[in-house]
Structure formats: C-alpha cells, structure tokens
Amino acid sequence: MISVKEASMVYDNGCRALNKVTFRIEEGEFVFLVGASGSGKSTIIKMLTAEVRPVEGRVLVNNFNIGKIKKREIPYLRRTLGVVYQDFRLIENKTVYENVAFAMRAIGASGKAIKNRVPYVLELVGLIGKEDCRPVELSGGEQQRVAIARALVNNPRVIIADEPTGNLDPERSLELMVLFEKINELGTTVLIVTHAKELVDQFGKRVIMINKGEVASDQTGGYYTYEE
Ligand code: ADP
Ligand code: ADP
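Residues numbered from 1 in each chain as written. Chains lettered and ligands numbered in written order. Predicted model: local features only at pLDDT ≥ 70, side-chain atom pairs only at ≥ 80, totals over all residues. Heavy atoms only, no water.

Taking an unreviewed UniProt entry as the reference, the chain is identified by name as Cell division ATP-binding protein FtsE belonging to Butyricicoccus pullicaecorum 1.2. As stated in UniProt under Subunit (unreviewed entry), the record for the chain gives "Homodimer. Forms a membrane-associated complex with FtsX." (UniProt positions renumbered as here; feature names shortened; annotations may be inferred.)

Next up, the structure:
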C-alpha cells in the first residue's frame, strides 16, 4: 500500500518539485500517473523508492516510512517494489536468463528457487525462446519485457514503470499494457508513468494527473485530459 499525504519535495537547488501531494494506492490497484514534462512524476517515483525524501508530509510505502527510513532499510523497501526504468538498465554482457536470474541471486535466492521462478516470469512476459540472447540481440520491446521480468522476479508487491511505451510503436504499446493488466490480475499493484494519451483513455483505469508538482486530478475510470 502506498500512502502519500501532503508531501512536498525540494531539490538542493531550491526547486520545489512537489507541493503537498496527497494520494493513496491500495493493494491490487492499477494506476496511471500522468502530467506534462517537468510536472513532478519522476520525483514521485524517486520518493517512493527513497532516492529522495519528502521535506514535509508523510509517505508510506509497503509499511516503510520514507521520511524516516534508515539507509540500511532501503534495500528492504526496494525489494517490495519492482521498478522498470525507461532505459531498461539491462546488463549487456549477460543473457536474458542471466539478467533475470541475477536479480534473484542478488537477494540470496536458492538455485532451486531461481530455476523455478525465472522460466515462469519469462513465460509470463512472452520471452520463451529468448533465454540465451543478449540484450543487443533483442528488439526494444523485448528488452523492455526483460526489464519487466527482472522487476517481477522477486515477486514485488508493486510494479512501477517509468514511460514504458516511450520507444514502442502503438501496437507494441498496447501489447505491453495488456501485459501489465495481466500482471495486475495476478495480484501485483501496478503504477505506470506515461504520456500515452490514447492508451490511458483506452484502458479506463485510475488516472492521477500531476501539474506543477501538485495533484491536478485523480479519477477512477479516468481520462488523460492534459493537453500538451
Ligand atoms: P517529470 O518526471 O514529470 O518530467 P520531474 O519530477 O523530473 O518531472 O521534475 C519536477 C521538477 O523538478 C522540474 O521542475 C525539474 O526541473 C526539477 N528537478 C528534477 N530533478 C531535479 C534535480 N536533480 N535537481 C533539481 N531540480 C530537479
Ligand atoms: P547453476 O544453478 O549452478 O547456475 P545450472 O545448471 O542451473 O547451474 O545452470 C547453468 C547455467 O545456465 C547458469 O548460468 C544458469 O543460470 C543458466 N541456465 C539455467 N537454466 C537455463 C535456461 N532454461 N535457459 C538459459 N540459461 C539457463
């Protein structure tokens, strides 16, 4: 569960990126986070992952209090979150299988658990047959799915994706959203930062719109009403 209450965030240069932001995301929800470039979306994600801290207000993420979290607790917070970054951040000299397995090794999973889990998530994201490829041998959409498999492999409670359809054509973008819907139906909370107006409108999920560091609207079955 994510609870953000009257949270503000100010960067070192004095830029007030968030101003008294309030929203709550329950377990099992599917939420789009939208807004113009510079509105504060990335800062919200950084706050949820404890890369930055609120200067006021309260931010709770899966029972961790971000304003008070200790450095040594941050890895445990992050295990509850699967983050898919815009640039994927895959390891270039490792295969698809190894990129995903590596995330499990990093938290000390057993060989047996890895052998059970990795094929399951690769199947889920539609990468069976690509296990032995390296990232350069994959299309952008496939690399994206490796990043999703890696984010999912440790069974996080929430998956967060930053502009996941950024480099994909409309058809691939639609497939990707259908994949996130499937992941959501399997019980993972989904939070997607996006500019893809058509997709947001098509899916009719909850939409939180950020404007100049504030929540401009928060609607279920919402539409992307922001005009570029
Ligand atoms: P979005 O993700 O919606 O494009 P950001 O969260 O990246 O927006 O940015 C929100 C505001 O914070 C912008 O005014 C941006 O210039 C500022 N900002 C973002 N990152 C930094 C930083 N590292 N230092 C100073 N200001 C920043
Ligand atoms: P270990 O568990 O000691 O790594 P394995 O026999 O399971 O040994 O695997 C040997 C190598 O092949 C490992 O690097 C493993 O991650 C990789 N591997 C295992 N299963 C698959 C698979 N289905 N596809 C691709 N690589 C795999």
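Participant: Before we go on, may I ask you to explain the pattern of salt bridges in this structure?
Facilitator: Two side chains bearing opposite charge may form a pair once their charged atoms approach each other closely. Applying the stated rule across the entire model yields 12 salt bridges. The closest approach of N and O atoms between E26 and R24, which form a salt bridge, is 2.7 Å. We classify R24 as partly exposed; its relative accessible area is 42%. The network of salt bridges with common partners includes R16, K20 and E56. (Salt bridge = Lys/Arg side-chain N within 4 Å of Asp/Glu carboxyl O. Buried < 20%, exposed > 50% of the residue type's maximum accessible area, 1.4 Å probe, protein only.)

Participant: So what exactly am I meant to see when it comes to the site of ligand 1 here?
Facilitator: Close to ligand 1 lie Y11, N13, C15, A17, A36, S37, G38, S39, G40, K41, S42 and T43. Between ligand 1 and G40 there is a distance of 3.0 Å, counted from an oxygen atom to a backbone nitrogen or oxygen. Take K41: an N or O atom from its side chain is 2.9 Å from an oxygen atom of ligand 1. If you tally residues by element for the shell around ligand 1, the top one is helix α1 (residues 41-48), at three residues. Of the residues that constitute the shell around ligand 1, the class distribution is four nonpolar, seven polar and one charged. (Near = heavy atom within 4 Å. Polar contact = N/O pair within 3.5 Å; in protein donor to acceptor, adjacent residues only side chain to side chain. Helix = DSSP H or I, 4+ residues; strand = E, 2+ residues; numbered from the N terminus. Nonpolar A, V, L, I, M, F, W, Y, C, P; charged D, E, K, R; others polar.)

Participant: What's the story with the side chain of T188 in this structure? I'm lost.
Facilitator: Among the secondary structure elements, T188 is positioned in the loop between α6 (170-185) and β8 (189-193). For T188, a relative accessible area of 8% translates into the label buried. Setting aside chain neighbours within four positions, we find T188 in contact with E29, L152, P156, R157, V158, I159 and I183. (Contact = heavy atoms within 4.5 Å.)

Participant: Can you help me understand the environment of V215 in this one?
Facilitator: Its location among the elements puts V215 in strand β10 (residues 214-219). It is 9.6 Å that separates the C-alpha atoms of V215 and S39, two residues lying 176 residues apart in sequence. Contacts of V215, omitting those with residues within four sequence positions, involve V21, T22, F23, I208, M209 and I210.

Participant: How should the packing of aromatic side chains be read in this particular structure?
Facilitator: Geometrically, a pair of aromatic rings is defined through the distance of the ring centres and the angle of the planes. Scanning all chains against the criterion turns up one aromatic pair. The ring of Y85 carries R89 above its face, with NZ or CZ at 3.7 Å from the centroid. Between K205 and the ring centre of F30, over which it is positioned, the NZ or CZ distance is 4.8 Å. (Phe/Tyr/Trp six-rings, centres within 6.5 Å; stacked < 30°, edge-to-face > 60°. Lys NZ or Arg CZ within 6 Å of the ring centre and 35° of its normal.)

Participant: I tried to follow the nonpolar core on my own but got confused; where do I start?
Facilitator: Most often, soluble globular proteins have nonpolar side chains that are buried together. Counting 43 residues, the largest nonpolar core has F32, I148, I159, F180 and I183 as the members making the most contacts within it. Here this core gets six residues from one element, more than from any other, and that element is helix α5 (residues 140-152). Aside from chain neighbours lying at most four places away, what touches I183 is L124, I148, L152, I159, T188 and V190. (Core = buried A, V, L, I, M, F, W, Y, C linked by side-chain atoms within 4.5 Å.)

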